Structures are given as structure tokens and as C-alpha cells.
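Residue-level structure breakdown
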Amino acid sequence: STMHSASLACLVLLALIQYSCGFSFFRDRIPNGRMVAHPCKTNTLWNGVGHLVEQGGGARNAFGLAFYANGMMWNRTLCMKDSDGDGQTNGQELGDPDCTWTPSTTPKRTTGISHPGFKTPASQYRYSSTDPTTLDCSAAPPDCPANRESHVKTLNLTMAKGTMVPSKTTTYYCTSFQVPHDVPYHAIGFDAILDNLNVIHHMLLYGCASSTPEPTGECDMSSSSCRD
């Protein structure tokens, strides 16, 4: 994508409070939902427990499909399933081997929590691109060598520190930034800067035709002057 020569950019965030299947309150409906270990990375949690990507959102993994089919609730039926087929029930993986856990209580076990949607430990299973219950732990993270070239510049665009999240389910929130425009620039990569994974659903970045700063606050995805 190309960064236009206009000197103003508009960043739009969609903040959700307890709304989507990829968000935090679903983790509270399963035992140890906030303590599920990443099958490939040590000392790392898999926050989107029911999804194929660790951040959550998008397609569901085997456990997410079973959770959805079970009415998005934890009970003995879901607990006794072995969603990923690794020989352990969902309850055993999530610290509720006897299937007695109820929301807002402490599970029987709170350590050694493994992922009920992917075969664990991953090192014992052969990765298969056709098997959604296995992960390729040898895969290297995405890398773009161009980002490390000496002439490449980094520009961080963030909301003001202390920005309050409105107390309603869905909010679009906009702010604008002055960006360099001495010469034409091209955007070759993006990375999210997040300090609260529980509320941000997605971000949009627009170029603005006017150099007049847009007001910061709730908005309707973008303004008429920031659509590029």
C-alpha cells in the first residue's frame, strides 16, 4: 500500500466490550480459560482459546467448534470430549478432570494447563497441513527483510496515553496524526501496538485530503475528508 503525500493520517479503532466470540468473557466460561498454554512457545498463553490464531477471532479450532456446538457453555458433555484427539479430555487439559467446575470458581487444577484445541505436547505429533488439530512449531515467524534496510523509517501512531474506553458494547474511536510529507513515502509493513487485548477488535488507517487535524473521539469509522 502507498502512503500519500498528504500530511495527515487518521487512525480508527473499533473497541468492543464483551461482544465477539474472540473476546475475553468467553474465556471465563471455561476452566482456566485465561491460563491456556501456547502449544509451541514456552511461557506464552494462547488467548484465543477457541480460535486457530492465538490472538483470537476468525476461524475456530476443534475446541472452539465443540464449544460453539455446545451452546458456548461448559458442562460434562464438553468436558468429556477430546476435541483435539490427543488422548486427553477437554477437562483434563483445562484442569477440570472430574467435570465439576462452574464459572467463578477455582478449578481443581490451575497448573499444567494445555490447549484443548491442539494436540499437546506438540512435539509428540507430526504436523500436517490438512489436520487443524496440529501446529507446526518449527515454522518461523513472518519476516520482511525490507523492514531492516537502513533507509526504512518507523512511525508509531498510537492513541493518547490514558484514553478511556467508552462503557458500551461497540465504539469507533478516531484520532489524526501529522505524518512526514517532504517526499513520497510508501508503507511496506504494519504491526499493532496493543496494551489492552481485551477491547481492541481492529484498526483502520486512512490518508486525509485535508491537513486540518480531525477531532479525536467517537466517530463513524472515518470522516469525509479521510477516506484514502
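Computed from a prediction, not measured in an experiment: that's the story for all the values here.

1. Focus: the state of the cysteines
For the structure on display, the rule yields three disulfides. In this model, Cys40 is linked to Cys137 through a disulfide, with the two sulfur atoms separated by 2.0 Å. Negative torsions about the S-S bond denote left-handed disulfides, and the value of about -70° found for Cys40 with Cys137 makes this one left-handed. On the criterion of sequence distance, the pair formed by Cys40 in the loop between strand 2 (8-16) and helix 1 (62-69) and Cys137 in the loop between helix 3 (90-93) and strand 3 (170-178) is long-range, its members being 97 residues apart. Residue pairing for Cys79: its cysteine sulfur links by disulfide to Cys99, the two sulfurs lying 2.1 Å apart. Because the torsion about its S-S bond is -85°, the bridge between Cys79 and Cys99 counts as left-handed. Of this pair, Cys79 sits in helix 2 (residues 76-80) while Cys99 is found in the loop between helix 3 and strand 3, placing the two residues 20 residues apart along the sequence. Relative accessible area serves as the criterion here: at 0%, Cys79 is assigned to the buried category. The class of Cys99 is buried, set by a relative accessible area of 14%.

2. A few points about the packing of aromatic side chains
One pass over the full model with this rule turns up four aromatic pairs. Ring plane angle 85° and centroid distance 6.1 Å describe the contact between Phe26 and Phe67, whose orientation is recorded as edge-to-face. Taken together, the positions of Phe26 in the loop between strand 2 and helix 1 and Phe67 in helix 1 put the pair 41 residues apart, joining distant regions of the chain. For the pair formed by Phe26 and Phe67, the shared burial category is buried. Ring centres of Trp46 and Phe118 lie 5.0 Å apart, and the angle between their planes is 55°; on these two criteria the pair is classed as tilted. Residue Trp46 is located in the loop between strand 2 and helix 1, and its partner Phe118 is located in the loop between helix 3 and strand 3; the two are separated by 72 residues in the primary sequence. Site record: aromatic cluster; members linked through ring pairs are Phe25, Phe26, Phe63 and Phe67. The ring of Tyr68 carries the charged tip of Arg60 above its face, separated from the ring centre by 4.1 Å.

3. Observations concerning the side chain of Asn32
Here Asn32 is to be found in the loop between strand 2 and helix 1. Judged by its relative accessible area of 7%, Asn32 falls in the buried class.

4. Details of the confidence of the model for the chain
Residue-level pLDDT values for the chain average 84, and 88% of them are 70 or greater. Per-residue pLDDT stays below 50 along residues 1-6; that stretch engages in 15 contacts with residues further than four places along the chain or on separate chains. Note on residues 16-22: pLDDT is under 50 here. Beyond four places in sequence and across chains, it has 24 contacts.

5. Details of the pattern of salt bridges
All chains considered together, the criterion is met by four salt bridges. Ionic pairing is found between Arg34 and Asp28, a salt bridge with its closest N-O pair at 2.8 Å. Using a relative accessible area of 35% as the deciding quantity, one classes Arg34 as partly exposed. Note that Lys108 is salt-bridged to Asp98, the shortest N-O span being 2.7 Å. With Lys108 in the loop between helix 3 and strand 3 and Asp98 in the loop between helix 3 and strand 3, this pair connects stretches of sequence that are 10 residues apart.

How each quantity is defined
Residues numbered from 1 in each chain as written. Predicted model: local features only at pLDDT ≥ 70, side-chain atom pairs only at ≥ 80, totals over all residues. Heavy atoms only, no water. Disulfide = S-S within 2.5 Å. Helix = DSSP H or I, 4+ residues; strand = E, 2+ residues; numbered from the N terminus. Buried < 20%, exposed > 50% of the residue type's maximum accessible area, 1.4 Å probe, protein only. Phe/Tyr/Trp six-rings, centres within 6.5 Å; stacked < 30°, edge-to-face > 60°. Lys NZ or Arg CZ within 6 Å of the ring centre and 35° of its normal. pLDDT = per-residue confidence, 0-100. Contact = heavy atoms within 4.5 Å. Salt bridge = Lys/Arg side-chain N within 4 Å of Asp/Glu carboxyl O.

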